[in-house]
Amino acid sequence: MIDYKEIKRKFPFFKNNAEQIYLDSAATSLKPQVVIDAIGEYYTNYGTNPHNIDSILGYKTNVKYDIVRKKIQQFINAKKVTEVIFTPGATYGLNQIAYGLSSKIMNGDEILITKQEHGANILPWYRLAQEKKAVVKFLPETNFRINLEQLAKMISAKTKIVAFANVPNILGYENDPTSIIAMIRKINSAVIVVIDCAQGVIHMPTDVQKWDVDFITFSAHKIFGPMGIGILWGKEKLLLELKPLIVGGGMNVWIDSDGLNYSVKKIPERLEAGTANIADIFGFGAAIDFINAVTLQEIITYTHQLKRYAIKQFNEKLKDKAIIYNVDSKAATLVFNIQNVFCQDVAMHLGSRNNITVRSGDHCARLIGEVIPEKNTVRVSFSIYNSYKDIDLLVSALVDEQDFLGGLV
Ligand SMILES: Cc1ncc(COP(=O)(O)O)c(C=O)c1O
């Protein structure tokens, strides 16, 4: 069971910001000391460019680099360690996948996504479709989840890519990768399936082999790791066909002086041009260790409990004031509006008068207004350093307030 007080002590943010209630972990999580230390450890004790393998420190840096890649392979149950590609984050990963698949897309082909996607899982597909005269279509949803029967009717020989979040970042209703992918494969086994795991990776176990997915991506910063680092995973065969988004040092074997020819290395190097963000890779490894020590299952259970408690408190104390849009989703977000008050005024009231950080707006899912009646909402998101008391304080800050705009700093 999670001992939230003990967990909270592991996050130095709260030593320096004791009065803060942080309810925006879906945007980015706070970092435990072990992650901060691991980043510092690289700069303090290693310091070497990972491309330098001729010195002892360069060698040690590379050993550690490989260990982190292996940890991530195990965390997502990938078949091969070389299938794990380090990227600057999920946005980069999705852009790399869309760019790299370009040669497979023809005039009239179809790319299927949902209306709940984050912009990072919409724009790369729109751009690809525009360039290739393909079409982006939206998957039908029932109760905010992909509807399997209707999905089956949409898959055809024209379908080239299906891309969706296993846990969308606003409402958080889970799309089960295993059943969705099995259905797609039954109808057209050539479809490439991409899962945006940016939120899902901390809300359900990731098992790329069980899911039989083709590509996934996520960022470390939402799972207690550093900013500016993430991974793209793909099936080996597809990664070897993926055209690199970035070319340069570390990924090529030779270049002709006429500039017309060069040869590239195998995976993972071919998709990791340039000097790796090695300090943050150290931190990423520490974040995976941290999750494994707490256990993903405990994180899921605890954050679900917080969500259920929040719903109960809202129902009891804010019944006539708040409209909740995702009452029965399990994920650790609570999405609501206060009647007749703009969401940003609510967020500012909480943030500037009550030290409660929440998020307002469309949360980068620009098409969400076609899914729920209100495009702009307040999103509260929970993590393991939150408590029931945090929720009580949130609710009382909302209950007491009559004038959300008055007195803002
Ligand atoms: C579902 C989803 N996909 C993609 C992203 C983009 O992640 P990043 O900004 O770390 O690249 C986010 C970030 O909020 C997200 O929630």
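What counts and what doesn't
Residues numbered from 1 in each chain as written. Predicted model: local features only at pLDDT ≥ 70, side-chain atom pairs only at ≥ 80, totals over all residues. Heavy atoms only, no water. Near = heavy atom within 4 Å. Polar contact = N/O pair within 3.5 Å; in protein donor to acceptor, adjacent residues only side chain to side chain. Areas by Shrake-Rupley, 256 points an atom, 1.4 Å probe, with all protein chains shown as cover. Nonpolar A, V, L, I, M, F, W, Y, C, P; charged D, E, K, R; others polar. Domains from an automatic or database assignment. Contact = heavy atoms within 4.5 Å. Buried area = accessible area lost by both parts, 1.4 Å probe. Salt bridge = Lys/Arg side-chain N within 4 Å of Asp/Glu carboxyl O. Helix = DSSP H or I, 4+ residues; strand = E, 2+ residues; numbered from the N terminus. Expected span 1.5 Å × (residues − 1). Buried < 20%, exposed > 50% of the residue type's maximum accessible area, 1.4 Å probe, protein only. Pairing = 2+ DSSP bridges. Axes fitted to C-alpha atoms, helices over the stretch in contact; angles between N-to-C directions. Core = buried A, V, L, I, M, F, W, Y, C linked by side-chain atoms within 4.5 Å. Parallel < 35°, antiparallel > 145°, perpendicular 65-115°, else oblique. Left-handed = near helix turned anticlockwise from the far one by under 90°.

## Overview of the site of the ligand
Okay, so step 1: With respect to spatial proximity, the complete set of residues near the ligand consists of Ala90, Thr91, His118, Ala120, Asn169, Asp196, Ala198, Gln199, Ser219, His221 and Lys222.
Okay, so step 2: Thr91 is positioned with one of its side-chain polar atoms (N or O) 2.6 Å from an oxygen atom of the ligand.
Okay, so step 3: Here an oxygen atom of the ligand and a side-chain polar atom of Ser219 are 2.6 Å apart.
Okay, so step 4: For the ligand, the accessible surface in isolation is 390 Å², of which the surrounding protein chains cover 84%.
Okay, so step 5: Of the residues belonging to the shell around the ligand, the class tally is three nonpolar, six polar and two charged.

## Here we look at the domain arrangement of the chain
Okay, so step 1: Taken domain by domain, the chain holds domain 1 (4-23 + 296-399) and domain 2 (35-293).
Okay, so step 2: For domain 1 versus domain 2, the separation of C-alpha centres amounts to 29 Å.
Okay, so step 3: Tallying the contact residues gives 31 residues for domain 1 and 25 residues for domain 2.
Okay, so step 4: Taking both sides of the interface into account, the surface hidden between domain 1 and domain 2 amounts to around 2,300 Å²; carbon and sulfur atoms contribute 68%.
Okay, so step 5: Summed over the three residues of domain 1 that lose the most area to domain 2, namely Leu296, Leu367 and Val371, the buried surface amounts to 24% of that side.
Okay, so step 6: At the boundary of domain 1 and domain 2, one finds one salt bridge.
Okay, so step 7: Lys115 is the partner of Glu370 in a salt bridge, and the nearest nitrogen-oxygen pair spans 2.8 Å.
Okay, so step 8: For the pair domain 1 and domain 2, the interface holds eight residue pairs in polar contact (both at pLDDT 80 or more).
Okay, so step 9: Broken down by secondary-structure element, the contributors of at least two residues to the side of domain 1 that touches domain 2 are α12 (296-317), β14 (333-338) and β17 (377-381).
Okay, so step 10: Ranked by residue count, the leading element in the side of domain 1 that touches domain 2 is α12, at three residues.
Okay, so step 11: Along the lines of polarity and charge, the residues of the side of domain 1 that touches domain 2 split into 18 nonpolar, six polar and seven charged.

## Topic: helix α11 (residues 278-294)
The α-helix advances 3.6 residues per turn, and as a result positions three or four apart in sequence lie on the same side.
Okay, so step 1: Over its 17 residues, α11 extends 25 Å from the first C-alpha to the last, a length consistent with the 24 Å expected when each residue adds 1.5 Å.
Okay, so step 2: Within α11, 14 of the 17 residues are buried, which leaves it mostly tucked inside the rest of the structure.
Okay, so step 3: Downstream of α11 by one or two residues, Thr295 has phi in the positive range, about 85°.

## A word on the sheet that holds strand β10 (residues 230-234)
Okay, so step 1: Strand order in the open sheet formed by seven strands is β2-β10-β9-β8-β7-β3-β4, and the pairing between neighbours is mixed. For this open sheet the edge positions go to β2 (84-87) and β4 (135-138), each flanked by a neighbour on one side alone. On average, each strand axis in the sheet is inclined to that of its neighbour by 20°, with strand direction left out of account.
Okay, so step 2: Note that β2 and β10 share four bridges and pair antiparallel. Its bridge partner being in β10, Phe86 is matched across the sheet by Ile231.
Okay, so step 3: Docked against the sheet, helix α4 (residues 56-76) engages β2, β9 (215-219) and β10, running at close to 115° with respect to β2.
Okay, so step 4: Helix-sheet contacts for helix α6 (residues 123-132) involve β3 (110-113), β4, β7 (159-165) and β8 (192-196), and the interaxial angle to β4 is about 140°.

## Points about the pattern of salt bridges
Okay, so step 1: As enumerated under the stated definition, the model contains 17 salt bridges in all.
Okay, so step 2: The partner of Glu236 in a salt bridge is Lys80, and the shortest N-O contact between them spans 3.0 Å. Placement of Glu236 in helix α10 (residues 236-241) and of Lys80 in the loop between α4 and β2 is noted, with a sequence separation of 156 residues between them.
Okay, so step 3: The partner of Lys235 in a salt bridge is Asp214, and the shortest N-O contact between them spans 3.3 Å. Here the residue Lys235 occupies a position in the loop between β10 and α10, and Asp214 occupies one in the loop between α9 (208-211) and β9, the gap between them amounting to 21 residues.
Okay, so step 4: Classification of Lys235 by relative accessible area gives partly exposed; the value is 28%.

## Section: the nonpolar core
Okay, so step 1: Grouped together as the largest cluster of nonpolar side chains are 97 residues, with contacts concentrated most on Ile76, Ile216, Phe224, Phe284, Phe314 and Phe336.
Okay, so step 2: Among the elements that take part in this core, α11 stands out by supplying 11 residues, more than any other.
Okay, so step 3: Two domains each donate at least three residues to this core, and these are domain 1 (4-23 + 296-399) and domain 2 (35-293).
Okay, so step 4: Among residues more than four places away in sequence, those in contact with Ile76 are Val84, Thr206, Asp207, Val208, Ile216, Phe218, Ile231 and Trp233.
Okay, so step 5: One finds Ile105, Ala120, Phe215 and Leu271 within the second-largest nonpolar core, a separate group that totals 27 residues.

## Description of the packing of α12 against helix α14 (residues 388-400)
Okay, so step 1: Relative to each other, α12 and α14 sit at 25°, their axes nearing to 10 Å. Relative to α14, the element α12 lies roughly parallel. When you trace α12 past α14, the crossing you get is right-handed. Each of Gln305, Leu306, Tyr309, Ala310, Gln313, Phe314 and Lys317 in α12 lies in contact with α14, whose residues at this interface are Tyr388, Ile391, Asp392, Leu394, Val395, Leu398 and Val399.
Okay, so step 2: For the contact of α12 with α14, a count of residues per class yields 10 nonpolar, two polar and two charged.

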